[in-house]
Amino acid sequence: MNIAVINEYALIIVKSAQSNHGIGGTTVHQWRDSLNKRLVYPYSPKIVVYYVGVNNIINTHDSASETSSALIQMFDDVHAHLPDTKIYYVLINDLPNYLSYKNEMHEVNDVAKQYEETHDFLTTLDAGSLLLKENGLPNVAYFLTDGLHMSLAGYSLWGNYIKSKLIEDMKK
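If you're wondering where the values come from, they're calculated on a predicted model, not measured in any experiment.

Draft legend 1. Structural view of the overall build of the protein chain. Regarding its fold elements, the protein chain presents six helices and three strands. Listed by position from the N terminus, the elements making up the protein chain come as α-α-β-α-α-β-α-β-α. Residues counted as buried form 42% of the 172 residues belonging to the protein chain. Expressed as a percentage of contacts within the protein chain between residues at least 6 apart in sequence, the contacts between residues at least 24 apart total 71%.

Following this line, the structure appears as structure tokens:
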């Protein structure tokens, strides 16, 4: 995560009762094994949103199966600790400089979507599809030159989609 871009984006969105614990470079394992215990569970949130898994694949080179398994364990663990909390999982974006990992990322996304079908505490959000061109490839205009982190325009589009889905669901 590019903290400077996220901080700039935070100035754009409407303030709400929220706490942002986005930590760049983290993996599913780190959230499952320690970060949730310190940064999520003590707050007993009504909603928790995760965008995690990409670092498992591109940095630690976990397989899609390993990443998916850890993700499902994390969902189950969060639900066990916070049974009244709704979990939103933002599917892994296709990334311009990491297209060689696209199949693994899509496999993780597919497992999350399948899990969602039988677990009503989980909702998946496909915000990354907004960052694609008509040909299905990532639009580099929405990413920094590293091809991994989103630009301010990318975060704005992506974040506003997520925000709109959360607001829509809260009205139900």
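That covers the picture; the talk isn't over yet.
Draft legend 2. Quick look at the pattern of salt bridges. Here the structure, examined in full by the defined rule, presents three salt bridges. Asp33 is the salt-bridge partner of Arg32, the closest N and O atoms lying 2.7 Å from each other. By relative accessible area, which is 40% here, Asp33 ends up partly exposed. Between Lys102 and Asp94 there is a salt bridge, with the nearest N and O atoms lying 3.9 Å from each other. When its relative accessible area of 25% is taken as the criterion, Lys102 is described as partly exposed.

Draft legend 3. Layout of the layout of surface pockets. By volume, the second largest pocket amounts to about 170 Å³. Its residues assigned to classes, the lining of the second largest pocket comprises three nonpolar, six polar and four charged.

Draft legend 4. Local environment of the packing of helix α4 (residues 64-81) against helix α5 (residues 102-117). As a packed pair, α4 and α5 sit with axes 9 Å apart at the nearest point and diverge in direction by 30 degrees. Classed by the angle they form, the pair α4 and α5 counts as roughly parallel. Crossing of α4 against α5: the hand is right-handed. On α5, the residues that touch Ala64, Ser65, Thr67, Ser68, Leu71, Ile72, Phe75 and Asp76 of α4 are Glu104, Glu107, Val108, Val111, Ala112 and Tyr115. Considered class by class, the residues forming the contact of α4 with α5 number eight nonpolar, three polar and three charged.

Draft legend 5. Main features of the sheet that holds strand β1 (residues 47-50). Spatial strand order, β1-β2-β3: three strands in an open sheet with parallel pairing. Whereas interior strands pair on both sides, the edge strands pair on one side only; in this sheet they are β1 and β3 (122-125). Here the strands of the sheet are splayed against their neighbours by 20 degrees on average, with no regard to which way each runs. Looking at chain direction, strand β2 (residues 86-90) and β3 are connected through four bridges and run parallel. What sits directly across from Tyr89, in β3, is Thr124. Here α4 sits on the sheet and contacts β1, β2 and β3; the angle it forms with β2, its principal contact strand, is near 160 degrees.

Draft legend 6. Structural detail: the pairing of β1. Burial along β1 is one-sided: the residues Val48 and Tyr50 are buried and none of Ile47 and Val49 is. Relative to β2, β1 runs parallel, the two sharing four bridges. Across the sheet, the residue bridging to Val49 is Tyr88, located in β2.

Draft legend 7. How the structure looks around the pairing of β3. On β3, burial covers both faces: Leu122 and Thr124 on one face and Thr123 and Leu125 on the other are all buried. Taken together, β2, α5 and β3 form a β-α-β motif whose crossover is right-handed.

Draft legend 8. Expanded view of the packing of aromatic side chains. According to the stated counting rule, one finds seven aromatic pairs in the structure shown. Joined through ring pairs, the aromatic side chains of Phe75, Tyr89, Tyr115 and Phe121 make up one cluster. The lysine or arginine in question, Lys86, covers the ring of Tyr88, its NZ or CZ lying 5.9 Å from the ring centre.

Scoring rules and cut-offs
Residues numbered from 1 in each chain as written. Predicted model: local features only at pLDDT ≥ 70, side-chain atom pairs only at ≥ 80, totals over all residues. Heavy atoms only, no water. Helix = DSSP H or I, 4+ residues; strand = E, 2+ residues; numbered from the N terminus. Buried < 20%, exposed > 50% of the residue type's maximum accessible area, 1.4 Å probe, protein only. Contact = heavy atoms within 4.5 Å. Salt bridge = Lys/Arg side-chain N within 4 Å of Asp/Glu carboxyl O. 1 Å grid on protein atoms, 1.4 Å probe; cavity = no way out; pocket = protein on both sides within 12 Å on 5 of 7 lines; lining within 4 Å. Points joined across faces, edges and corners; volume = space filled by probe spheres on them. Nonpolar A, V, L, I, M, F, W, Y, C, P; charged D, E, K, R; others polar. Axes fitted to C-alpha atoms, helices over the stretch in contact; angles between N-to-C directions. Parallel < 35°, antiparallel > 145°, perpendicular 65-115°, else oblique. Left-handed = near helix turned anticlockwise from the far one by under 90°. Pairing = 2+ DSSP bridges. Right-handed = clockwise from strand over helix to strand, strands pointing away. Phe/Tyr/Trp six-rings, centres within 6.5 Å; stacked < 30°, edge-to-face > 60°. Lys NZ or Arg CZ within 6 Å of the ring centre and 35° of its normal.

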